[in-house]
Amino acid sequence: MKNNVLFLLILAFMLSLSLHAQRGVRIAYIDTEYILEKVPEYQEATLQLDKKAQKWKNEIDTKLATIEQKRKDLSNEKALLTKELIDEREEDIFFEEKEILDYQQKRFGPNGDLFIQKRQLMQPIQDQIFAAVQDMATGRKYDFIFDKSSDAVMLFSAKQFDISEQVLRSITRTSKRKQAKSKAERKAANKEELIPEINEELESRQKALDEKKAKRDSAVEKRRQEILNAREAKKKEAEARRQKIVEDREKAKQAKLDSRNKTTSHPVISDDETTSKPTEQTKTEGDGKTQAQLIEENKQKKLKEREARKKALEARKKKILEERQKAKDSLNKNN
């Protein structure tokens, strides 16, 4: 019978260890100094205590300065005093100094007034912190909660395990409930959620969903960036092709204009024109113009016509470039 009971106990212990291992250890920590800095009551009491300590320190410094002055006076008057008077005054200075040192020990010693009042000041806040930590450990099923401000050395502590803010909010809510005067204030304070219960299965499932969503968002963002890069590359390539076509067309137009200018700047006079000089000359003699004058007029006329054609071509080219620039701007705006 005893063996059966022992076997059942061992089996239950092993099952509990297995469940604990599957669940994982939940660890958190708090920073007591940070919490105390955020509690208004503690800060106000600390300020009053610091003022009192400063007052004690000023009293001690004043008395020590008085004793030091007595020593200097005795040193200056030693030549005029007898040995008995010197010993008597030195003894008085010694006793006064001892009284001041005892007073200093009473105020600032390990068991002095400052230490005791500080401990009395911190005790209620520490009790509140301890109660809030106990409730939070029970409600959230923490296995360990450490204090970062204690003597235990914490070489590293991740911010995600810091529950100081939750503990501080718990203390604030408790203080509100105690200070509530009206029925409405007490009702509102009681409705505040102190520590939410943790559903570990739901928490793990939510964590897995968050990880999947993060991976999916990362893949979507990566694909979107690839599409944007490819689109930008195609846009640059098309822009380069359009620019090259425009440059080639401009070069071809310029070559045509240059060749046309060369042909029109050196007109060739045919044999028919030379043979017809006498007849033309005879025809124009009646008008009072020589053949040379007519040739010059014809040359000036052709030059004017060529200049007009050049201006027309320049205007046409400018218009084509403006239309292409407008089309290019419209295409960029649509993209």
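The structure contained in this document is the topic of the report that follows. (Residues numbered from 1 in each chain as written. Predicted model: local features only at pLDDT ≥ 70, side-chain atom pairs only at ≥ 80, totals over all residues. Heavy atoms only, no water.)

## Looking at helix H5 (residues 113-140)
Here is step 1 of the chain: Taking 1.5 Å of rise per residue, the 28 residues of H5 would be expected to cover 40 Å, and the 40 Å separating its terminal C-alpha atoms lies within 8% of that figure.
Here is step 2 of the chain: Of all the bends in H5, the greatest reaches close to 30 degrees and is centred on Gln123; the proline Pro124 follows between one and four positions later.
Here is step 3 of the chain: If you check which residues of H5 are buried, you get Asp113, Leu114, Leu121, Met122, Ile125, Ile129, Ala132, Val133, Met136, Gly139 and Arg140.
Here is step 4 of the chain: Where H5 ends, the next residue or the one after it, Lys141, has phi of about 60 degrees, a positive value. (Helix = DSSP H or I, 4+ residues; strand = E, 2+ residues; numbered from the N terminus. Expected span 1.5 Å × (residues − 1). Bend = angle between axes of the 7 residues up to and from the residue. Buried < 20%, exposed > 50% of the residue type's maximum accessible area, 1.4 Å probe, protein only.)

## Quick notes on the side chain of Gln166
Here is step 1 of the chain: By the element assignment, Gln166 lies in helix H6 (residues 164-179).
Here is step 2 of the chain: A relative accessible area of 18% places Gln166 in the buried class.
Here is step 3 of the chain: Not counting residues within four places of it along the chain, the set of residues in contact with Gln166 comprises Met136 and Arg140. (Contact = heavy atoms within 4.5 Å.)

## Notes on a positive patch on the surface
Here is step 1 of the chain: A contiguous patch of positive charge on the surface is contributed by Arg249, Lys253, Lys256, Arg260, Arg309 and Arg316.
Here is step 2 of the chain: If you list the elements that add at least two residues to the positive patch, you get helix H8 (200-265) and helix H11 (291-334).
Here is step 3 of the chain: It is H8 that provides the largest number of residues to the positive patch, a total of four residues.
Here is step 4 of the chain: Inspection of the secondary structure assignment puts Arg249 in helix H8.
Here is step 5 of the chain: Among the residues examined, Arg249 registers a relative accessible area of 43% and is labelled partly exposed. (Patch = residues over 30% accessible without salt bridge, like charges linked within 9 Å, V, L, I, M, F, W, Y side chains within 5 Å. Areas by Shrake-Rupley, 256 points an atom, 1.4 Å probe, with all protein chains shown as cover. Salt bridge = Lys/Arg side-chain N within 4 Å of Asp/Glu carboxyl O. Lys, Arg positive; Asp, Glu negative; His and termini not counted. Charge placed at Lys NZ, Arg CZ, Asp CG, Glu CD.)

Geometry only, nothing functional implied.
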